Amino acid sequence: QFDVTILGSNAAIPAYNRYPSSQVINHNSNLYLVDCGEGTQFRMNQFGIKRANLNHIFISHLHGDHFFGLVPLLTSFNLNWREHPLHLYGPPPLIEIIETHFKHSLTQLRYPLHFHPTTADEPRVIFEDDTLTVETIILTHRLPTTGFLFKEKPHPRKIIADKITAYNIPYQQINAIKKGSDFVTADGKTIPNAELTLDPAAPRSYAYCSDTVFTQSFVEQIKSVSLLYHEATFVDEHKERAAETFHTTTKQAAQVAQQANAGKLVIGHFSARYEDLTPLLAESREVFSNTELAIEGTTFTIE
């Protein structure tokens, strides 16, 4: 499983029943929260997100529409008697903001909160487990800002079930065969790995590019990404306003997707000036046809 659920997709303020930025990535039932705008935990309740499986939170930058929901969420974890660790990734001042809230509310967490400061100078791997890595994407905004690139590690080869029986392959050797080893039968015959296995599915990836002026600086890093989320705060008519506020337009986001050869583009971070999002989608599709809107409650499966 590898999918993304949109919790919040509006820029700056809630409007038209759209909440500020927040998303949940589900990778094999491990949940990763990306940004945590106001109302995030309400959306989690509404869309059935199980918080017990959420152990990692990534904050792109310190504009309020991307983290004002964080302290309430951390507090709710505490009130619900969470005990297992939570890992938080974000700009260095974020921990001071959180600790100040907790200090003046006399809040003491029951669970370990591990803070991992991010930097916006060059891409870095900030999380890794057996199947997935997360690395920062350096964006250009009014504050130090990073996106996040989720990348699966290469999958093992798929062993053909009939071959296990045909060659009486011991269970203990299956993992080695999945990693590319040949198999030697009891009478000394070598069975090449290509006869025993099938090619695995290609690793999938997801790039989250939040607030940024239009830039091509990270295109190579996200080349051939399976799914790209890119902010598209304004229609292209307002590209001067976008540049002034260090944001991107619909067509500019589509150009990034096109240049990166992305599998699919999802646009979000919509300005509150737009109640109807249809024109934004239409403009983006003029440049990159496989574009969708980040409608809250939508889950995008990463193919």
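Only a predicted model underlies this, so the values are computations on that prediction, with no experimental measurement involved.

### Brief notes about the side chain of Ser9
Link 1 in the chain: Assignment of secondary structure puts Ser9 in the loop between β1 (2-8) and β2 (22-27).
Link 2 in the chain: At 3.1 Å, the side chain of Ser9 forms a polar contact with the backbone oxygen of Ala294.
Link 3 in the chain: When sequence neighbours within four positions are dropped, the list of residues in contact with Ser9 reads Arg18, Tyr19, Pro20, Gly268, His269, Phe270, Ala294 and Glu296.

### Section: the nonpolar core
Link 1 in the chain: Counting residues in hydrophobic clusters, the biggest one holds 29 residues, and the most contacted among them are Ile137, Ile222, Leu228 and Ile267.
Link 2 in the chain: Sorting the residues of this core by element identifies β8 (132-139), β14 (205-209), α8 (250-260), β16 (264-268) and α9 (278-287) as the ones contributing at least two each.
Link 3 in the chain: Considering each element in turn, this core owes the most residues, 5 residues, to α8.
Link 4 in the chain: The next biggest cluster of nonpolar side chains, apart from the first, holds 22 residues, and it includes Ile57, Ile59, Leu88 and Ile98.

### With respect to the pairing of strand β7 (residues 125-128)
Link 1 in the chain: In this structure, β7 lies alongside β8, joined through 3 bridges in antiparallel fashion. Along β8, the bridge assignment pairs Phe127 with Val134.
Link 2 in the chain: Count of turn residues in the β7/β8 antiparallel hairpin: 3 residues.

### So, the packing of helix α2 (residues 70-79) against helix α3 (residues 93-104)
Link 1 in the chain: Interaxial distance between α2 and α3 falls to 11 Å at its minimum, and their mutual angle equals 60°. On the basis of their axis angle, the class for α2 and α3 is oblique. When you trace α2 past α3, the crossing you get is right-handed. Here α2 contributes Leu70, Val71, Leu74 and Thr75 to the contact with α3, which in turn contributes Leu94, Ile98, His101 and Phe102.

### Considerations on the pairing of strand β9 (residues 145-152)
Link 1 in the chain: Along β9, 7 of the 8 residues are buried, which leaves the element largely enclosed by surrounding structure.
Link 2 in the chain: Taken together, the 8 bridges between β8 and β9 define a ladder with antiparallel strand orientation. Opposite Ile138, over in β9, you have Thr146 as the bridge partner.
Link 3 in the chain: Sheet topology places β9 next to β14; 4 bridges connect them, and they run antiparallel. Residue Leu149 lies in a different strand from β14, and its bridge partner there is Ala207.

The rules behind these values
Residues numbered from 1 in each chain as written. Predicted model: local features only at pLDDT ≥ 70, side-chain atom pairs only at ≥ 80, totals over all residues. Heavy atoms only, no water. Helix = DSSP H or I, 4+ residues; strand = E, 2+ residues; numbered from the N terminus. Polar contact = N/O pair within 3.5 Å; in protein donor to acceptor, adjacent residues only side chain to side chain. Contact = heavy atoms within 4.5 Å. Core = buried A, V, L, I, M, F, W, Y, C linked by side-chain atoms within 4.5 Å. Buried < 20%, exposed > 50% of the residue type's maximum accessible area, 1.4 Å probe, protein only. Pairing = 2+ DSSP bridges. Axes fitted to C-alpha atoms, helices over the stretch in contact; angles between N-to-C directions. Parallel < 35°, antiparallel > 145°, perpendicular 65-115°, else oblique. Left-handed = near helix turned anticlockwise from the far one by under 90°.

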